[in-house]
Each structure stands twice: as C-alpha cells, then as structure tokens.
Amino acid sequence: MRTATAALILSTSASALKDDGWKTGLQFGDGGNMVLEMMPDSVASGAVCIDGTPSGYYFQPAANLDQNANNWQIYFQGGGWCYDTRDCWERSKGSLGSSKSWANTSSMGGIMSSDCETNPDFCNFNRVHIPYCDGNSFSGNRDDPIEYEGVQLHFRGKRIIDEVLKTLSAKYKLQDAENVLLTGCSAGGLATYLHTNYVGDWFHTNAKNLKRFKAASISGFFLDHTTIENQPVYPTEMKNIFELSNATHGVNSDCIAAMQPADQWKCNFAQFSYQHIRYCCFYSVICFLLSH
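Residues numbered from 1 in each chain as written. Predicted model: local features only at pLDDT ≥ 70, side-chain atom pairs only at ≥ 80, totals over all residues. Heavy atoms only, no water.

(A) Structural view of the sheet that holds strand 8 (residues 179-185). Read from one edge of the open sheet, 8 strands run 4-1-2-5-3-8-9-10, paired in mixed fashion. The open sheet is flanked by strand 4 (105-106) and strand 10 (281-284), the only strands paired with a single partner. Pairing of strand 2 (residues 56-60) with strand 5 (residues 126-130) involves 3 bridges; the strand directions are antiparallel. In the strand pairing of strand 5, Gln60 is matched with Arg127. With respect to the sheet, helix 5 (residues 157-172) is in contact with strand 1 (34-38), strand 2, strand 3 (71-76) and strand 5, its orientation differing from that of strand 2 by roughly 40°. (Pairing = 2+ DSSP bridges. Helix = DSSP H or I, 4+ residues; strand = E, 2+ residues; numbered from the N terminus. Contact = heavy atoms within 4.5 Å. Axes fitted to C-alpha atoms, helices over the stretch in contact; angles between N-to-C directions.)

See the structure below:
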C-alpha cells in the first residue's frame with residue numbers, strides 16, 4: 001500500500017462519521033456508482049434486519065477486470081447501536097434497522113472512492129458496502145425474535161455476514177479472491193475488529209488463490225470506561241445489547257474463549273478483542289468534539 005493510504009483512512013474517518021448517520025442512519029441517494037443488490041435467500045436463512053426485512057449489499061465491480069477481477073474491498077457501514085428492546089424497536093423504523101428505505105444506489109468517498117486520485121490503492125477493486133441494520137456491529141446471532149409493541153425484533157448481524165459471503169461467491173466468484181481488504185467506520189469499524197478473524201478464516205478456507213487478506217478499522221476503538229461521574233453508562237449499554245442480541249456466538253470467538261463467562265460481554269469492545277486478532281489489522285482513531 002502507498003504511504004498516502006494512512007492519510008486517506010484518516011480523511012475518511014471524519015466524513016464517514018457524518019455520512020454513516022451515526023445516530024439517524026445513512027440515507028443513500030440515487031445516482032451513486034454502487035448498486036443495491038438484495039439477497040433473495042436472506043429471509044429463509046435468517047439473515048434479516050431488526051424488523052425482519054431482507055438484507056443486501058451495495059456493489060460495484062472492479063475496473064480493468066483483467067488486472068483486478070480478484071481484488072476485493074468489503075466495508076461495514078457504521079451507525080451506532082441500540083441498547084435495549086425499546087431502543088431497538090425505535091431503530092427498526094429507520095434505515096439502521098430496516099431495508100425498506102434503502103436507496104437503489106449509493107456513492108462513497110475516501111477509502112471506498114472510485115476516484116483513483118482520491119483512492120489510488122483500492123479504486124479499481126471490486127467494492128462491497130454492507131448496510132448496517134442489526135443494531136450491534138453485525139454481531140447479533142439470536143435464533144428467536146423478541147416481540148415488542150407487536151413487532152418481531154431480529155438480531156442476525158452475523159448471519160448477514162454469512163449470507164453476503166455466500167451470495168458474492170455464487171454471483172461474482174468471491175472464492176477466487178487474491179487480495180482482500182476488510183474495513184468499516186465507527187460501529188462498522190468496531191465490526192472490523194470483531195469479525196476480522198471470522199472473515200479472514202473464511203477467505204483462507206475458501207479462496208484457494210488468496211495472497212493477502214488485511215483489515216483496516218476506522219474510528220472503531222470505543223472504550224469500556226465510566227462517565228465523568230464514574231458511572232458505567234456505556235459499558236452497561238453495550239453489555240445489554242450483547243446479551244439481547246446473543247452476541248456470544250457473533251463476536252471474536254478467541255476472545256470469548258479467553259474470558260470467564262461473566263466477562264464475555266467485554267468482547268463487544270475492540271480493546272478486548274484486538275489482542276485476539278490473528279490477521280494484520282491496521283487502525284485509525286479520530287478524536288473530535290461534539291457541539292450542541
């Protein structure tokens with residue numbers, strides 16, 4: 001990778017925190033160069049959004065197929081988390097919990113840009129953007145939905161990952177991949193930490209010609225810490241969604257194995273999962289202040 005990539009990742013961080021909608025959800029406008037492809041088998045396989053709608057991905061094929069047909073970039077969208085049943089029910093009404101309002105196309109910048117002046121390393125790769133709709137960084141793996149206010153709430157982010165890999169293999173020969181970059185920003189950056197081993201193992205098992213698999217998390221290192229009043233607000237919220245979504249079988253399995261059962265929820269944090277990542281994982285963190 002060129003040395004410019006580090007600066008590119010940092011520049012992506014600021015824009016992606018905004019573009020991913022952080023709290024309100026990312027609404028893609030038509031006219032972009034990545035096309036939405038819904039996965040017809042996702043409902044049958046259980047790979048659904050919180051509200052039970054099918055999942056999908058945005059895709060743009062590689063430019064210069066003779067050179068880049070087997071080069072891939074996969075991006076996890078961010079957008080915060082929901083922390084309890086009511087919060088996830090509210091989330092299910094928007095694009096971060098339902099695919100009903102997803103636009104047909106999208107356009108992304110920074111490290112996902114198709115502009116080779118902006119993104120010289122990856123502009124010509126096959127690029128996949130996975131919309132975020134499970135509420136816990138693609139880590140939910142709960143069999144039975146929870147009913148709230150007459151709505152069935154599903155937590156199936158891990159199955160969405162599986163369905164995306166399966167569908168891309170069937171349609172675009174993902175199993176022929178040679179060079180792969182896994183990335184994401186904010187809650188998607190956390191997803192990158194949590195799923196690098198899982199996705200990396202998939203490629204090493206299924207992609208027989210794989211040369212390089214790397215991961216790059218953007219602003220995904222959220223800390224287990226107390227507030228200035230010394231209250232464990234955020235850790236309690238993350239423990240809640242970990243348990244609600246049954247993420248024990250959705251996060252880094254090596255981290256889970258290293259923890260006592262009472263502490264396994266901490267594997268929902270990058271600071272505990274990072275030490276168990278077995279593949280090369282770059283990271284960037286951007287510090288910022290929120291004004292009200």
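Now that the structure is up, let's keep going.
(B) Seen up close, the pattern of salt bridges. Scanning all chains against the criterion turns up 8 salt bridges. A salt bridge links Lys166 to Glu163; the shortest N-O distance between them is 3.3 Å. With Lys166 and Glu163 both in helix 5, this residue pair falls 3 residues apart, about one helical turn. For Lys166, a relative accessible area of 43% corresponds to the partly exposed category. What makes Glu163 buried here is its relative accessible area of 4%. Between Glu178 and Lys211 there is a salt bridge, with its nearest N and O atoms 3.5 Å apart. Residue Glu178 is located in the loop between helix 5 and strand 8, and its partner Lys211 is located in the loop between helix 6 (187-206) and strand 9 (212-218); the two are separated by 33 residues in the primary sequence. (Salt bridge = Lys/Arg side-chain N within 4 Å of Asp/Glu carboxyl O. Buried < 20%, exposed > 50% of the residue type's maximum accessible area, 1.4 Å probe, protein only.)

(C) The state of the cysteines, seen in detail. Under the defined criterion, the tally for this structure stands at 4 disulfides. One disulfide in the model links Cys82 with Cys88; its S-S distance is 2.1 Å. Residues Cys82 and Cys88 are joined by a disulfide whose S-S torsion is about 90°; by sign, that bridge is right-handed. The exposure class assigned to Cys82 is buried, which follows from its relative accessible area of 0%. Disulfides within the protein chain link the bonded cysteines, taken in sequence order, as 1-6, 2-3, 4-5, 7-8. (Disulfide = S-S within 2.5 Å.)

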